[in-house]
Amino acid sequence: MLIGEVARRSGVSARMLRHYESLGLVRPSGRTGSGYREYSGKDIRRVFHIESLRSLGLSLREIGRALDDPGFVPAALVEDLVRRTRERVAAETELLTRLRRIDAAGPAGWEDVLRVVALLRALGSKSADARQRAALSSAGDAAVSGVPVEALVEAVLSERDPVVAGALHWALARSGDGDVAALLAEGLGSPVAAVRKRAVRSLAELPGTTAVAQLREALTGPDPVVRGYAALALAAHGVAEVVPTLIDMIVEGRNDTDAADALSVLAAGDGAAADRIAAGIGDRLADAGTGAPARGRLTQALAAVPGARASRALVELSRDQDRAVAVTAVYLLRLRERR
């Protein structure tokens, strides 16, 4: 079969077939009487093999080795192809994300495009100072700063530096974008624990009641750390349903001081809430599965809970078999008497 017919049937141009021949990848088995290249069935099959390997991303040099080296083992090459493909997909995904963000900023001209690109690069910089400056300069109306709120959300969910995170929280709070809470809430479902923690802490930093709905949802999630931060934030808004979670935190010793403070905030000025909190603490103290350290923390938590029920609980604890608990309860009762 002549080169033109091979090109037509294989879809490989005659020029590329000649290039393959110059590299030694394909050598036509014969020549016609007029001196034209003539490809055998075996030659044509090799052309198809070359094209198949090219479709996997192999270089022509790698294809030559794969086809001609009897000792060639494909496993290592395939593994390397997987790695290179993943890197390429990641780079293309990053480019697509950046282009979408530039488009979302609605640039009026190339100066706007360049400003957004500069800010996006700064947000992804290895320098914490550069990231902080970018966060501070992006605060306010996205139409002015040019940075879409999605970029700020992604930045805060990946930020490890607490100072930079604080600047990003400030920028998000000033963005005026009603979608901020919903975008941050998406991070609550991340498979990475650190991202979930950053998401709930960022939600807690939003002003007013902006994120109360998302924090309530976080309160029912499977991650105890996320539930804890959500409970602390919701307690500041007077949400009474967080009481069991706060008591759990005291028992488990996770941010137990903050949890006790949050309980005192909920109990202040609300006799019914104070009684519910005292009853909840009392139930955990009476639970045989509550260890000595946890009972000590629960006793201390009663200090800031007003009301007769909390006082009665302390009187009972003053006779507790655990001397440390009893001594703590006596001391707290004396403090209450002085008030």
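The structure displayed is predicted, hence computed values, not measured ones. Counting restarts for each chain, with residues numbered from 1 along the sequence as it is written. Local features in a predicted model are, by the rule used here, given only for residues with pLDDT of at least 70; side-chain atom pairs are given and counted only at 80 or more, and totals for whole chains, interfaces and linings are based on all residues. Side-chain descriptors were evaluated using all non-hydrogen atoms of the structure, hydrogens and water having been removed beforehand.

## Quick look at the overall build of the protein chain
Right, so step 1: If you tally the helices and strands in the protein chain, you get 20 helices and two strands.
Right, so step 2: For this measure, only C-alpha atoms enter the radius of gyration; the expected value for a globule follows 2.2 Å times N^0.38, where N is the number of residues. A compact globule built from 339 residues should have a C-alpha radius of gyration of about 20 Å, whereas the protein chain, at 34 Å, is more than 25% larger.
Right, so step 3: Relative accessibility thresholds used throughout: buried, under 20% of the residue-type maximum; exposed, over 50%; partly exposed, between the two (1.4 Å probe, protein chains only). Counting every position in the protein chain, which comprises 339 residues, the buried fraction comes to 40%.
Right, so step 4: Expressed as a percentage of contacts within the protein chain between residues at least 6 apart in sequence, the contacts between residues at least 24 apart total 50%.
Right, so step 5: Each accessible area is a Shrake-Rupley estimate made with a 1.4 Å probe; only the visible protein chains count as cover when residues are assessed. A total of about 19,200 Å² of accessible surface is found on the protein chain, and carbon and sulfur atoms cover 53% of it.
Right, so step 6: Positive: Lys, Arg. Negative: Asp, Glu. His and the chain ends are not part of the count. Taken as the charge centre is NZ of Lys, CZ of Arg, CG of Asp or CD of Glu, depending on the residue. If the 46 positive side-chain charges of the protein chain are averaged to one point and the 42 negative ones to another, these points end up 5 Å apart. Helix numbering and strand numbering both begin at the N terminus, where a helix is a DSSP run of H or I of at least 4 residues and a strand a DSSP run of E of at least 2. What makes two residues a contact is simply this: any of their non-hydrogen atoms within 4.5 Å.

## Regarding the nonpolar core
When a protein is soluble and globular, its nonpolar side chains tend to lie buried together.
Right, so step 1: Residue types Ala, Val, Leu, Ile, Met, Phe, Trp, Tyr and Cys, when buried and joined through side-chain atoms within 4.5 Å, form a set referred to as a nonpolar core. Membership of the largest hydrophobic core comes to 79 residues, with the highest contact counts inside it found for Leu172, Leu184, Val242, Leu246, Ile281 and Leu302.
Right, so step 2: Looking at which element gives the most residues to this core, the answer is helix α14 (residues 224-235), with eight residues.
Right, so step 3: Excluding residues that lie within four positions of it along the chain, Leu246 makes contacts with Ala231, Leu232, Ala235, Ala259, Ala262, Leu263 and Leu266.

## Section: the pattern of salt bridges
Right, so step 1: Salt-bridge detection follows one rule: a side-chain nitrogen of Lys or Arg within 4 Å of a carboxyl oxygen of Asp or Glu. Tallied over the entire structure, the rule returns 16 salt bridges.
Right, so step 2: The residue Arg295 makes a salt bridge to Asp320 at a minimum N-O spacing of 2.7 Å. One end of the pair, Arg295, is in helix α18 (residues 292-301); the other, Asp320, is in the loop between α19 (308-317) and α20 (323-338), with 25 residues separating them in the sequence.
Right, so step 3: Here the salt bridges do not stand alone but share partners, grouping Glu62, Asp80, Arg83, Arg84 and Glu87 into one network.

## As for the domain arrangement of the protein chain
Right, so step 1: When the domains of the protein chain are assigned, the result is domain 1 (3-72) and domain 2 (240-338).
Right, so step 2: Taken over C-alpha atoms, the centre of domain 1 sits 82 Å from the centre of domain 2. For the purposes of this description, domain bounds are those given by an automatic or database domain assignment.

## Focus: unusual backbone geometry
Right, so step 1: Of note, the phi angle at Asn255 is positive, near 50°, even though the residue is not glycine.
Right, so step 2: Tracing the sequence through the fold places Asn255 in the loop between α15 (243-252) and α16 (256-267).
Right, so step 3: For Asn255, a relative accessible area of 35% corresponds to the partly exposed category.

## Concerning the UniProt feature "domain: HTH merR-type" (unreviewed entry) in the protein chain
Right, so step 1: UniProt positions are given in the numbering used here, feature names are shortened, and annotations may be inferred rather than shown by experiment. Within the UniProt annotation, "domain: HTH merR-type" (unreviewed entry) is assigned to residues 1-69.
Right, so step 2: Secondary structure across residues 1-69 comprises 61% helix and 6% strand; the distance between its end C-alpha atoms is 27 Å.

## A look at the packing of helix α2 (residues 14-23) against helix α3 (residues 41-55)
Right, so step 1: Axes, fitted as lines to C-alpha atoms, cover a helix only where it is in contact. Angles between the N-to-C directions of the axes lie from 0 to 180 degrees. Running from amino to carboxyl end, α2 crosses α3 at an angle of 95°, the nearest separation of the two axes being 12 Å. With respect to each other, α2 and α3 are oriented roughly perpendicular. For the pair α2 and α3, the contacting residues are Met16, Leu17 and Tyr20 in the first and Val47, Ile50, Glu51 and Arg54 in the second.
Right, so step 2: Ten residues, namely Ala, Val, Leu, Ile, Met, Phe, Trp, Tyr, Cys and Pro, are considered nonpolar, four, namely Asp, Glu, Lys and Arg, are considered charged, and the remaining ones, Gly among them, are considered polar. Along the lines of polarity and charge, the residues of the contact of α2 with α3 split into five nonpolar, no polar and two charged. Any angle that is under 35 degrees is reported as roughly parallel, and any over 145 degrees as roughly antiparallel; angles of 65 to 115 degrees are reported as roughly perpendicular and all others as oblique.

## Some details on helix α6 (residues 110-123)
Right, so step 1: Expected span of a helix: the number of residues minus one, times 1.5 Å. Along its 14 residues, α6 runs 20 Å from first to last C-alpha, staying within 8% of the 20 Å computed at 1.5 Å per residue.
Right, so step 2: All buried positions along α6 are accounted for by Val113, Val116, Val117, Leu119, Leu120, Ala122 and Leu123.

## Description of helix α10 (residues 162-173)
Right, so step 1: Its twelve residues give α10 an end-to-end C-alpha distance of 16 Å, which sits within 8% of 16 Å, the value for a rise of 1.5 Å per residue.
Right, so step 2: Three or more residues of α10 are buried, namely Val164, Ala165, Ala167, Leu168, His169, Ala171 and Leu172.
Right, so step 3: Where α10 is buried, its residues contact α6, α7 (128-137), α9 (149-158), α11 (180-186) and α12 (193-205).

## Quick word on the side chain of Asp320
Right, so step 1: Among the polar contacts made by the side chain of Asp320, one reaches the main-chain amide nitrogen of Asp322 at a distance of 2.8 Å.
Right, so step 2: Leave out the neighbours within four places in its chain, and Asp320 touches Arg295, Val325 and Ala326. Pairs of N or O atoms are called polar contacts if they sit within 3.5 Å, as long as, within protein, a hydrogen donor faces a hydrogen acceptor (for residues adjacent in sequence, only side-chain-to-side-chain pairs).

## Brief notes about the packing of α16 against helix α17 (residues 271-286)
Right, so step 1: Put simply, α16 and α17 touch, their axes get as near as 8 Å, and they point 145° apart. Between α16 and α17, the residues in contact are Leu263, Leu266 and Ala267 and Ala273, Ala274, Ile277 and Ile281, respectively.
Right, so step 2: Within the contact of α16 with α17, the residues separate by chemical class into seven nonpolar, no polar and no charged.

## Here's the deal with the side chain of Glu159
Right, so step 1: Following the sequence through the fold, Glu159 ends up in the loop between α9 and α10.
Right, so step 2: Glu159 gets classed as buried once you look at its relative accessible area, which sits at 8%.
Right, so step 3: Polar contacts involving the side chain of Glu159 include one to the main-chain amide nitrogen of Asp161, which spans 2.9 Å.
Right, so step 4: Setting aside its immediate chain neighbours within four residues, Glu159 contacts Arg131, Val164, Ala165, Leu168 and Arg198.

## What about the environment of Gly30?
Right, so step 1: Note on placement: Gly30 falls in strand β1 (residues 30-31).
Right, so step 2: Assessed through its relative accessible area of 23%, Gly30 is described here as partly exposed.
Right, so step 3: Sequence separation between Gly30 and Met1 is 29 residues, and the spatial gap between their C-alpha atoms is 9.6 Å.
Right, so step 4: When near neighbours in sequence (up to four residues on either side) are disregarded, Gly30 contacts Tyr36, Arg37 and Glu38.

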